[in-house]
Amino acid sequence: MKHLIIGSGPAGVVAAETLRKADPAAEITLLCGEGEPPYARMAIPYLLKGEIEEAGTHIRKDADHYGRLRIQLVQARAKGIDTARRTVDLGDGRQLPFDRLLIATGSHPSLETIPGMDLPGVHSCWTLEDARTILAQARPGTRIVQMGAGFVGCIIMEGLLSRGVDLTILVRSGYMVRRMMNPTASGLIRKWCEAKGVKVLTHTQPQGLSIKEGVLQVALGEGRVLPADLYLSVVGVDPTLGFLEGSRIEVGHGILVDAAMQTSVPGIYAAGDVAEATDCLTGQRRINAIQPNAVEQGRIAALNMAGKPAQFRGSFVFNVLTTLGLVSSSFGEWQGVPGGESTEVLDEAHYRYLNLQFDGDRLVGANCVGFADHVGAFRGLIEGRIRLGIWKQRLLEDPTRIMQAYLAAAHRVA
């Protein structure tokens, strides 16, 4: 049996390892598209901070790990898939055959469509090569203008500031991390960043980039210009799907998969940031681009590829973010549901905030800032769809009793 995996992030690596355990005699090939050993993008902020070397980003630290498992690493990108002939085109004359295929190509940065994005000094922060470029140029006093304050934008701030740079963040909307935080939570994160020396400009989007006397110029409109030594574009990511054109694999926002992580073409599977799977709470399809989700989807796909039936129970939306030392998190339907109730508590002076969202007597979503110890309780209550009973009213009155509510409701103690 020939198993081919496109993508060497956490989903791809775990899938390859799972396949080896489930199918000892199989041929397993892992396609690595960046010319790097398999690595975790979420380790890049720690590389920027100097807490790890490049080897610390590698998913498996032992250089002989893949060789021992007889997992062949091929340094190439997929350019197309012929689902009839069961081959993957590498665009250089080579075609790799497969019996079972896993697509785990993840995401790629979304770039702004403004003049000057191809100028020297304009970068993303998504790959190891991006990190190398930033590390080579970021030093005390370096002027960095960063467009975007989403999840990735916020986690790289600490690494940048640790190098003594002069950092300005541009936020197109009025809110930082708006896809996981409500305005109150977002406002706390912004104030925290400003207190740490970051300049944050909301409702601001560059009109274009240019170079004047060797210096990048970031035009903000109405005559406003910011000089920059580096411009970082971190406005979001999109699933990597371009090579699927003509493949007959059905695509929505991502690749549509069933509970076995199988696509519309039998024997071809998808996992991770590229897969559009069912949400465990709503039953709706969505891309849930977090590493634990990718790892579990990779494992489930691999078992099915090896002929061992397994089902993905659905993704659970949650994010835990650390921004310059401030921990924030969101869970489930954090924006609330129609007809639901909510409650919140705010301690602005100490950067602490809780917002809870209910549907009947179940907790269905939450936003948290400054509460780092309750992640398990929130996830347990929401993902477990646990009925709170009397504890709903107690939480409406005092949201900070979340751990007590979890322990009591989970064990049916009034």
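Structure: above.
Residues numbered from 1 in each chain as written. Predicted model: local features only at pLDDT ≥ 70, side-chain atom pairs only at ≥ 80, totals over all residues. Heavy atoms only, no water.

Caption draft 1: Highlighting the sheet that holds strand β3 (residues 71–75). The sheet built from 5 strands is open, its strands ordered β3-β2-β1-β7-β19 with parallel pairing. Sheet topology places β3 and β19 (268–270) at the edges, where each strand pairs with a single neighbour. Between one strand axis and the next, the sheet turns through 20° on average, direction left out of account. Strand direction decides the pairing type here: strand β7 (residues 100–103) and β19, joined by 3 bridges, are parallel. Residue pairing for β19: I103 is matched across the bridge by A270. In this fold helix α8 (residues 291–305) packs onto β1 (2–6), β7 and β19, with an angle of close to 170° to the strand it touches most, β7. (Pairing = 2+ DSSP bridges. Helix = DSSP H or I, 4+ residues; strand = E, 2+ residues; numbered from the N terminus. Axes fitted to C-alpha atoms, helices over the stretch in contact; angles between N-to-C directions. Contact = heavy atoms within 4.5 Å.)

Caption draft 2: Examining the packing of aromatic side chains more closely. Per the stated rule, a full pass over the model turns up 4 aromatic pairs. Ring geometry for W192 versus Y351: centroids 4.9 Å apart, planes at 85°, classification edge-to-face. Placement of the pair is W192 in helix α7 (residues 183–195) and Y351 in the loop between β24 (341–347) and β25 (352–359), with a sequence separation of 159 residues. Assigned by exposure class, W192 and Y351 land together as buried. Geometrically, the ring pair formed by F331 and F378 is stacked, given 5.2 Å between the ring centres and 25° between the ring planes. Here F378 lies in helix α9 (residues 375–383) and F331 lies in strand β23 (residues 326–332), a separation of 47 residues in the sequence. With a relative accessible area of 0%, F331 lands in the buried category. Among the residues examined, F378 registers a relative accessible area of 1% and is labelled buried. A network of ring pairs unites the aromatic residues F316, F318, F331 and F378 as a single cluster. The ring of F371 has R352 sitting right over it, with the charged end atom 3.9 Å from the ring centre. A cation over an aromatic ring shows up here: R394 above the ring of W391, its NZ or CZ 4.6 Å from the ring centre. (Phe/Tyr/Trp six-rings, centres within 6.5 Å; stacked < 30°, edge-to-face > 60°. Buried < 20%, exposed > 50% of the residue type's maximum accessible area, 1.4 Å probe, protein only. Lys NZ or Arg CZ within 6 Å of the ring centre and 35° of its normal.)

Caption draft 3: Here's a closer look at the sheet that holds strand β13 (residues 208–212). Spatially, β13-β14-β15 is the arrangement adopted by the 3 strands of the open sheet, whose pairing is antiparallel. The sheet terminates laterally at β13 and β15 (224–228), the two strands that pair on one side only. Recorded for the sheet is a direction-independent mean angle of 30° between the axes of neighbouring strands. The pairing of β13 with strand β14 (residues 215–221) spans 5 bridges and is classified as antiparallel. Across the sheet, the residue bridging to K212 is V215, located in β14.

Caption draft 4: Looking closely at helix α1 (residues 10–22). In this model α1 runs 18 Å from its N-terminal to its C-terminal C-alpha over 13 residues, within 8% of the 18 Å that 1.5 Å per residue would give. With 12 of 13 residues buried, α1 is to be regarded as a mostly interior element. Among the residues of α1, P10, A11, G12, V13, V14, A15, A16, E17, T18, L19, R20 and A22 are the ones counted as buried. In this fold, the buried residues of α1 make contact with β1, β2 (27–32), α3 (65–68), β3, β7 and α8. (Expected span 1.5 Å × (residues − 1).)

Caption draft 5: Looking closely at empty space enclosed by the protein. Within this structure, the stated rule accounts for 1 cavity of 30 Å³ or more. Empty space within the largest cavity amounts to approximately 80 Å³. For the largest cavity, the full set of lining residues is R41, M42, I44, P45, C125, W126, V152, I155 and I156. The residue makeup of the lining of the largest cavity, split by class, is 8 nonpolar, no polar and 1 charged. (1 Å grid on protein atoms, 1.4 Å probe; cavity = no way out; pocket = protein on both sides within 12 Å on 5 of 7 lines; lining within 4 Å. Points joined across faces, edges and corners; volume = space filled by probe spheres on them. Nonpolar A, V, L, I, M, F, W, Y, C, P; charged D, E, K, R; others polar.)

Caption draft 6: Examining the pairing of β15 more closely. In the sheet, β14 pairs with β15 via 5 bridges, with the strands oriented antiparallel. Looking at the pairing, G221 lines up with R224 of β15. Here β14 hands over to β15 after 2 residues, with E222 in that stretch at a positive phi of 55°.

Caption draft 7: Broad picture of the nonpolar core. If you look at the biggest cluster of nonpolar residues, it comprises 53 residues, and the most contacted ones within it are I81, V88, L101, L102, I103 and I255. Elements with a contribution of two residues or more to this core: β1, α1, β2, β3, β7, β19, β20 (275–278) and α8. Look past the residues within four positions of L101 in its chain and what remains in contact with it is L4, I6, I81, V88, G267, I268, Y269 and M305. Residues I44, A149, I189 and V369 belong to the second largest nonpolar core, which totals 40 residues. (Core = buried A, V, L, I, M, F, W, Y, C linked by side-chain atoms within 4.5 Å.)

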